[in-house]
Amino acid sequence: MKFTVDRIGMLNAVKKATKALPKMSPMPELTGIKFDVNSDSGMVSVTCTDLNTQIQCRLSGVHIEDGGSFVMDKIIVNMLSLLSGDTVEFESSNISNNVVAIKSGNTLYELPVMDVKNYPIINIPFPEDFICIQNIGELVKNTAFAAENNGSDTRGKALQNIKLQFSPTGVTAQAMNANFGAFAKSDKGSDGSMSLIIHEKALGMLCGLLTSKDTLYVGVSGKIAVFMKEGLIFQTLLYNGDYSESVRLMERINPVYSASVDSAQLLNLADGITSIFASDDDKAINMCFTADRVVMQTVTATGKSISSIEAKDVIVTPENGFYYQSKNLIDCIKHTSGEIKLAVDKNGFLMLSSGENRYFMAPRRATQIKVKKEEKKTKTVKSSAAKVKKAA
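All values derive from a computational prediction rather than experimental measurement.

A few words now on the overall build of the chain. Looking only at helices and strands, the chain features eight helices and 26 strands. In terms of C-alpha radius of gyration, the chain reaches 28 Å, well past the compact-globule figure of 21 Å for 392 residues. With respect to the three principal axes, the spread of C-alpha positions in the chain is 90 × 65 × 40 Å. In the chain, the share of contacts with a sequence separation of at least 24, taken over all contacts with a separation of at least 6, comes to 67%. For the chain, the accessible surface area stands at approximately 19700 Å², while carbon and sulfur atoms represent 49% of it. Taken as two groups, the 44 positive and 41 negative side-chain charges of the chain have centres that lie 12 Å from each other.

Once that is clear, we can look at the sheet that holds strand E19 (residues 284–289). Strand order in the open sheet formed by four strands is E21-E20-E19-E23, with antiparallel pairing between adjacent strands. Each having just a single partner strand, strand E21 (304–310) and strand E23 (322–325) make up the two edges of the open sheet. Averaged over all adjacent pairs, the angle separating strand axes in this sheet is 25°, with direction ignored. Of the strand pairs in this sheet, strand E20 (residues 293–299) and E21 are connected by seven bridges, and their pairing is antiparallel. By the bridge assignment for E21, Gln 297 is matched with Ile 306.

This part takes up the nonpolar core. Core analysis: the largest hydrophobic core is formed by 97 residues, its most contacted members being Phe 3 and Met 10. In this structure, Met 176, Val 247, Met 250 and Ala 343 belong to the second largest nonpolar core, which totals eight residues.

Quick notes on the rules
Residues numbered from 1 in each chain as written. Predicted model: local features only at pLDDT ≥ 70, side-chain atom pairs only at ≥ 80, totals over all residues. Heavy atoms only, no water. Helix = DSSP H or I, 4+ residues; strand = E, 2+ residues; numbered from the N terminus. Rg over C-alpha atoms; globule rule 2.2 N^0.38 Å. Contact = heavy atoms within 4.5 Å. Areas by Shrake-Rupley, 256 points an atom, 1.4 Å probe, with all protein chains shown as cover. Lys, Arg positive; Asp, Glu negative; His and termini not counted. Charge placed at Lys NZ, Arg CZ, Asp CG, Glu CD. Pairing = 2+ DSSP bridges. Axes fitted to C-alpha atoms, helices over the stretch in contact; angles between N-to-C directions. Core = buried A, V, L, I, M, F, W, Y, C linked by side-chain atoms within 4.5 Å. Buried < 20%, exposed > 50% of the residue type's maximum accessible area, 1.4 Å probe, protein only.

Dropping the structure here:
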């Protein structure tokens, strides 16, 4: 096996493919990168998979003297970054020797390779139909943060997934967790209709491979969604269980209080009043609407913060307002721009609307003030002193 390829092109390909690498696996080959060198087509394919998602980058027009396949450790990414030559040569006189020589300029590396026969590949029939889509990255960005993310990649959990719907009139994305949800829409439609429910981690990988100008072709084969563009094939498992749509819950909110504010001012307000939080504080924001203001306040064991911003079209809330988890509220505000309409129902369920994007949030209990250890100790000492005095 021997081929010479543009170093930067190969570096970009392995960087993209390795987004699908699992952090750990009992199967060594699964933590490696698979290279397929085809002398007939002059193409080198670079593939990584975590068994749920597979990324394959293809380099064409490669000078190939002899083809073959091998699996190499991801350390090749660092090596390609450090090399200084314009091209890089991969060579092995015999792959069964388990060593590949990598040459560029005056530098030579020799790396062991793994048995390609043990490498798992998602082999699926090619989708019969594709639709053309554009710029899904912004939609995913504005909804993915609402998907449940507990650090695991359990594909069976509905709330860890994002629902995408494509049609000629527009594209929508929605996600939710137990406390809040998100819905985003783009008027840039596709040339066909399709509905997909995909894990937020997989969509995060995909969007990390794209630019805002990229055109994608997407199709479905069995339980797998296939996204394609020049030099890239991205495959991921679809979720096919019951799915709760955030937009349906939003439709059930019947607002009785409302206010319109500037997004940037609201974010500054929330950031400002939460600056007093310590790491162990109960981080809640109380929010209410007065005649011409939106008022937010926070309370901790050591102090209180309250501030407000100008609002218009106000329907006043009860004076004691409603409580919301600070991080969730701030995250939602960060994904808005321009004018935001805040709408609250009688139970405190909050809706934030900004352009075509909508977010809802459930209220929470009032702030729970934690008594500091020093205060507890003082109270104990005073109580013991009082008992001694009484006994005397």
